[in-house]
Amino acid sequence: MSPSRAKCALLAALCGVCQALQGGMLFPTESPSREVKDVSGLWSFRADLSPERNRGFEQQWYRSPLAETGPVIDMPVPSSYNDITQDAKIRDFIGWVWYEKDVWVPARWIQDRGARIVLRVGSAHYYSVLWVNGVEMTEHEGGHLPFEADISGALRQTSGNPCRITIAVNNTLTLETLPPGTIQYMNDRSRYPAGYFVQNTNFDFFNYAGIHRPVLLYTTPKAHIDDISVETAFSDNIGLVSFNVSVLGCSKAAVKVTLSAQDGRCVASADGSRGVLKVTDVSLWWPYLMHENPAYLYSMEVTEDGQTDVYTLPVGIRTVKVTSTQFLINNKPFYFHGVNKHEDADIRGKGFDWPLVVKDFNLMKWMGVNSFRTSHYPYAEEILQMADRHGIVIIDECPGVGIKDIRSFGNVSLAHHLTVMEELVRRDKNHPSVVMWSVANEPASEMPPAGFYFKELVSHTKSLDSSRPVTYITDSNYARDQGAQYVDVICVNSYLSWYHDPGHTELISLQLNTQFDDWYDKYQKPIIQSEYGADAVPGLHSDPPMMFTEEYQTTVLQNYHNVFDQKRKEFVIGELIWNFADFMTAQTITRVVGNKKGIFTRQRQPKAGALLLRERYWRIANETGSLRNHQCQQKPLFF
């Protein structure tokens with residue numbers, strides 16, 4: 001289904017497996033030297049419904065306005081295209097879709113020959129090709145992460161006309177993509193028409209596709225700040241901020257770095273592209289509910305050659321450390337009481353939506369959540385920025401979900417996986433909320449190739465960022481796991497009395513204790529229960545509890561919690577419920593319009609499980625956080 005260019009990209013990744021990606025990926029922000037123009041909104045859209053899904057390339061749809069080559073419809077960006085129309089063919093479409101929009105670029109941008117004009121796509125699923133005025137600018141393998149191109153040359157060749165942006169996006173999954181999948185052709189002509197195929201996957205969420213995050217135009221000077229890397233530490237009341245600034249476009253950069261407190265006071269400054277800032281009477285970045293003043297952020301202003309280029313980066317000063325039994329933030333034990341999430345909502349699918357983001361953070365804080373995992377892919381940068389500002393701790397996960405086929409442990413897959421981790425670390429390395437990298441979810445880690453695969457993957461991730469621990473999420477038998485020895489924290493998913501011994505909640509205590517003891521006895525590493533739960537259809541009740549009722553979900557949770565309360569005194573360092581909210585899945589006989597394991601409905605209304613967890617999480621916060629000595633003995637009513 002994918003054109004040969006996708007295979008070439010994977011082979012290129014294999015050849016460059018040991019080479020770091022070139023260039024930074026700073027989030028576009030405005031400054032005295034930079035402007036940002038959001039070109040999201042309504043775009044023209046067409047799915048390539050040809051049998052081979054390749055007519056758009058054969059007929060070169062990018063060379064002229066898309067409407068001249070065939071019918072188009074309106075498509076909002078950002079959004080998934082699947083649920084926007086009333087057409088089932090679009091909802092379930094696999095292959096190339098085409099987006100186009102005409103954008104007026106400010107004349108001063110084009111006239112200023114000293115300015116770079118960059119087009120940035122927040123994410124598109126999964127393989128993308130970008131043209132400007134019919135000229136190919138770049139292509140990108142993988143969803144969930146941004147890509148961009150300097151389009152200055154293409155714009156200045158056609159000065160005075162609108163900028164026609166064309167983006168082709170292909171959501172086909174193969175054994176070498178992340179997540180992996182297979183295309184299965186149905187060759188029985190008595191049952192299926194010629195060319196009929198289905199996309200098979202090994203993950204339990206809908207394969208939403210399209211341009212999921214904002215599309216931005218932004219400017220920088222030709223001599224510009226390309227990347228900033230920050231690592232933090234502290235000793236007594238002195239904070240330390242190590243920085244490394246990359247400047248492109250000039251042979252000798254003059255860099256000045258200034259760190260300011262929230263009241264605007266300059267607390268430290270230095271000249272040069274590398275150095276260490278020392279902050280007296282430091283205010284540390286603390287997680288929500290762990291301190292009376294959580295989520296303190298300094299502002300780091302980086303200037304190049306006076307005011308030629310200016311970029312401002314929020315900085316939270318904090319440390320992360322793992323022992324054999326604890327997870328330490330700022331040298332204090334931290335216990336994860338949180339949720340797993342999905343970027344998923346009615347109509348918009350995985351499309352970024354500010355009201356939904358703010359609502360979710362309000363719900364998490366109302367419930368006493370101090371952490372979440374970006375299951376099963378990187379979330380929008382704006383979500384991480386919210387977590388930075390609110391003190392919500394994040395386990396940042398790559399799209400390595402559903403790696404079940406032995407062929408997905410090959411060299412080409414590994415090369416692509418390494419590149420994805422580079423893109424993820426490059427994007428998210430400066431967020432204080434991100435305390436751990438997750439390199440995969442529920443891989444077939446019992447297969448012999450998994451040992452080498454995850455040894456290389458974990459080692460490479462640590463070489464990119466040595467300041468954070470690395471995990472992957474396992475659900476396999478501890479005795480047959482080939483990769484857990486390489487990670488810093490063991491994360492275990494288990495669905496006792498649901499997928500195993502369904503209906504028998506009396507077995508949870510014995511089986512969960514055995515699970516924890518077996519994993520810890522073998523690896524002597526702290527453990528997070530990274531998933532647990534049960535489906536609950538909202539409003540469905542039964543006493544005694546029966547599966548799919550709200551009472552059964554809460555009974556399962558209570559039985560898990562009894563064991564957590566014992567084991568968190570030993571080596572269990574966290575519990576993340578599956579899931580924060582109900583979400584859409586493919587149509588199967590085990591799902592009734594999606595997965596119902598949410599403690600909130602898809603429309604963000606609480607089930608009984610949400611109220612149970614709210615009581616529990618606030619109790620844990622009052623027992624473990626420093627707030628127990630301050631004013632937050634009870635749950636606040638408003639935020």
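Residues numbered from 1 in each chain as written. Predicted model: local features only at pLDDT ≥ 70, side-chain atom pairs only at ≥ 80, totals over all residues. Heavy atoms only, no water.

> I'm lost on the overall build of the protein chain in this one. Help?
Of the regular secondary structure elements, the protein chain holds 12 helices and 32 strands. Taking 26 Å as the expected radius of gyration for a compact globule of 639 residues, we find that the protein chain reaches 25 Å, a close match to that expectation. For the protein chain, the C-alpha atoms occupy an extent of roughly 75 × 70 × 45 Å along the three principal directions. For the protein chain, the proportion of its 639 residues judged to be buried stands at 59%. The long-range share in the protein chain, meaning contacts at least 24 apart out of those at least 6 apart in sequence, stands at 73%. The average position of the 61 basic charges and that of the 71 acidic charges among the side chains of the protein chain differ by 1 Å. (Helix = DSSP H or I, 4+ residues; strand = E, 2+ residues; numbered from the N terminus. Rg over C-alpha atoms; globule rule 2.2 N^0.38 Å. Buried < 20%, exposed > 50% of the residue type's maximum accessible area, 1.4 Å probe, protein only. Contact = heavy atoms within 4.5 Å. Lys, Arg positive; Asp, Glu negative; His and termini not counted. Charge placed at Lys NZ, Arg CZ, Asp CG, Glu CD.)

> Would you mind showing me how to read the pairing of strand β28 (residues 434–441) here?
On a regular strand, each side chain points to the face opposite its neighbour's, so the side chains alternate between the two faces of the sheet. Burial analysis of β28 places eight of its eight residues in the buried class, the great majority of the element. In this sheet, β28 lies alongside strand β27 (residues 393–397) in parallel orientation, the contact comprising four bridges. Looking at β28, one finds that Ile394 is bridged to Val434. What joins β27 to β28 is helix α8 (residues 411–428), and the crossover it makes is right-handed. Relative to strand β29 (residues 470–474), β28 runs parallel, the two being bridged by three bridges. The partner of Trp437 across the bridge, within β29, is Val470. The β-α-β motif built from β28, the intervening helix α9 (residues 449–464) and the parallel element β29 has right-handed crossover chirality. (Pairing = 2+ DSSP bridges. Right-handed = clockwise from strand over helix to strand, strands pointing away.)

> Could you clarify how one ought to interpret the sheet that holds strand β9 (residues 147–150) in this entry?
Sheet strands line up and pair through hydrogen bonds in the backbone, either parallel or antiparallel. Read from one edge to the other, the open sheet built from four strands follows the order β1-β14-β5-β9, with strand pairing classed as antiparallel. Of all strands in the sheet, those bounded by a partner on one side alone are β1 (36–38) and β9. Recorded for the sheet is a direction-independent mean angle of 20° between the axes of neighbouring strands. Summarising the sheet, strand β5 (residues 115–121) and strand β14 (residues 215–221) pair through seven bridges and their orientation is antiparallel. (Axes fitted to C-alpha atoms, helices over the stretch in contact; angles between N-to-C directions.)

> Before we go on, may I ask you to explain the nonpolar core in this structure?
Taken as a class, soluble globular proteins show a tendency for nonpolar side chains to be buried jointly. Counting 87 residues, the largest nonpolar core has Phe361, Met367, Phe372 and Phe454 as its most contacted members. Phe372 has contacts with Val339, Lys341, Phe361, Met364, Tyr379, Ile383, Ile392, Val393, Ile394 and Ile395, leaving out every residue within four places of it along the chain. Among the nonpolar cores identified, the runner-up in size contains 48 residues, and Phe234, Ile329, Phe334 and Cys491 belong to it. (Core = buried A, V, L, I, M, F, W, Y, C linked by side-chain atoms within 4.5 Å.)

> Where do I start with the environment of Tyr478 in this structure?
If you trace the backbone, Tyr478 turns up in the loop between β29 and β30 (489–493). Look at Tyr478 and you get partly exposed, because its relative accessible area is 27%. Residues in contact with Tyr478, not counting those within four places in the same chain, are Asp518, Trp519, Lys522 and Tyr523.

> Which parts of the structure should I look at to understand the pattern of salt bridges?
Any two side chains of opposite charge can pair, so long as their charged atoms come close to each other. In the structure shown here, the tally under the stated rule is 35 salt bridges. The shortest N-O distance in the salt bridge between Asp565 and Arg619 comes to 3.8 Å. Separated by 54 residues along the polypeptide, Asp565 in helix α11 (residues 550–567) and Arg619 in helix α12 (residues 608–624) bring together distant segments of the chain. On the basis of relative accessible area, Arg619 is assigned to the partly exposed category, the value being 36%. Its salt-bridge partner being Arg568, residue Glu623 comes within 3.0 Å of it at the nearest N-O pair. Placement of the pair is Glu623 in helix α12 and Arg568 in the loop between α11 and β32 (572–577), with a sequence separation of 55 residues. Taking the relative accessible area as the measure of exposure, Arg568 reaches 21% and is therefore partly exposed. (Salt bridge = Lys/Arg side-chain N within 4 Å of Asp/Glu carboxyl O.)

> Please clarify how the domain arrangement of the protein chain should be interpreted in this entry.
A common way to report how large an interface is uses the accessible area buried once the components associate. When the domains of the protein chain are assigned, the result is domain 1 (31–171 + 207–221), domain 2 (224–318) and domain 3 (321–624). Just the C-alpha atoms count here: the centres of domain 2 and domain 3 sit 31 Å apart. Across the contact, 20 residues belong to domain 2 and 31 residues belong to domain 3. Summed over both partners, the interface of domain 2 with domain 3 buries about 1,900 Å², with 60% contributed by carbon and sulfur atoms. Between the two partners, domain 2 and domain 3, sit one salt bridge. Linking Lys429 and Asp227 is a salt bridge whose minimum nitrogen-to-oxygen distance equals 2.7 Å. Inspection of the domain 2/domain 3 interface yields 10 residue pairs in polar contact (both at pLDDT 80 or more). The set of elements that each furnish at least two residues to the side of domain 2 that touches domain 3 consists of β15 (224–235) and β21 (309–315). In terms of residue count, β15 provides more of the side of domain 2 that touches domain 3 than any other element does, six residues in total. (Domains from an automatic or database assignment. Buried area = accessible area lost by both parts, 1.4 Å probe. Polar contact = N/O pair within 3.5 Å; in protein donor to acceptor, adjacent residues only side chain to side chain.)

> Is there a simple way to think about the packing of α8 against α9 in this case?
In helix packing, the relevant descriptors are the interaxial angle and the interaxial distance, both defined with respect to the helix axes. Running from amino to carboxyl end, α8 crosses α9 at an angle of 25°, the nearest separation of the two axes being 10 Å. Considering the angle they form, α8 stands roughly parallel to α9. As α8 packs across α9, the resulting crossing turns out to be right-handed. For the pair α8 and α9, contact is made by Ser413, Leu414, His417, Leu418, Met421, Glu422 and Val425 and by Phe452, Tyr453, Glu456, Leu457, His460, Thr461 and Leu464, respectively. (Parallel < 35°, antiparallel > 145°, perpendicular 65-115°, else oblique. Left-handed = near helix turned anticlockwise from the far one by under 90°.)

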